[in-house]
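Below are the chains, spelled out letter by letter.
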Amino acid sequence: EGALAQLQGSPAAAPGPKPEQAEAVSQMSPDEQAAMIEQMVAGLDEKLRSDPNDPDGWMRLLRSYRVLGKDDAARDALKRALVALGAESEAGKRLAAFAVEQGVAQ
């Protein structure tokens, strides 16, 4: 299963691509797909830096970094998220539990 499929299968995933977008992606080379995924994840990270009050966005970012094998980036994102959301808040606790499920250690 490819990284794009794993990201789309995330329980906290945003709505998936339209059929024509999915078709265009399927025509890309693996390197082009990887570059597109990296760009999407970087865009989500940037969005969360400017608007960090998005628990579902943080979950998508953690899962995305794990799928991409970027464990250090996932840990960094978790730290930023817990500061932004408040580690003791309901959203912070939910995110911490999700991080444990994803194998992201604090």
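Sequence order sets the numbering: in each chain, residues are counted from 1 along the sequence as written. Only residues with pLDDT of at least 70 get local features here, since the model is predicted, and only at 80 or more are side-chain atom pairs given and counted; chain-wide, interface and lining totals rely on the full set of residues. Note that water and hydrogens are dropped before the side-chain values are worked out from all heavy atoms of the structure.

A. Spotlight on the pattern of salt bridges. Salt-bridge detection follows one rule: a side-chain nitrogen of Lys or Arg within 4 Å of a carboxyl oxygen of Asp or Glu. Summed over all chains, the structure comprises eight salt bridges. For Asp-56, the salt bridge identified is with Arg-94, shortest N-O distance 2.8 Å. Here the residue Asp-56 occupies a position in helix α4 (residues 55–67), and Arg-94 occupies one in helix α6 (residues 90–102), the gap between them amounting to 38 residues. For Asp-56, a relative accessible area of 36% corresponds to the partly exposed category. Among the ionic contacts, a cluster of salt bridges with common partners joins Asp-45, Arg-49, Asp-76 and Arg-80. Helical segments are the DSSP runs of H or I of at least four residues, strand segments are the runs of E of at least two, and each set is numbered from the N terminus. Here's how the labels work: a residue is buried when its accessible area is under 20% of the maximum for its type, exposed when over 50%, partly exposed in between, all with a 1.4 Å probe on protein chains only.

B. Broad picture of the side chain of Arg-80. Here Arg-80 lies in helix α5 (residues 71–85). Looking at Arg-80, the relative accessible area reads 19%, which means it is buried. Contacts are residue-level and defined by heavy atoms, with any inter-residue pair within 4.5 Å sufficient. If sequence neighbours within four positions are ignored, Arg-80 has contacts with Asp-45, Arg-49, Trp-58 and Leu-61.

C. Inspection of the packing of α4 against α5 at higher detail. Where α4 meets α5, the axes come as close as 8 Å, and the angle between the chain directions of the two elements is 165 degrees. Here α4 is positioned roughly antiparallel relative to α5, judged by the angle of their axes. As for how α4 packs across α5, the hand of that crossing is left-handed. Together, Pro-55, Trp-58, Leu-61, Leu-62, Tyr-65 and Arg-66 of α4 and Asp-71, Ala-73, Ala-74, Ala-77, Leu-78, Arg-80, Ala-81 and Leu-85 of α5 make up the contact between the two elements. Axes here refer to lines fitted to C-alpha atoms; in helices the fit is confined to the stretch in contact. Angles between the N-to-C directions go from 0 to 180 degrees. Convention used here: angles under 35 degrees read as roughly parallel, angles over 145 as roughly antiparallel, angles from 65 to 115 as roughly perpendicular, and any remaining angle as oblique. Note on convention: the crossing is left-handed when the near helix lies turned anticlockwise from the far helix by less than a right angle, right-handed when the turn is clockwise.

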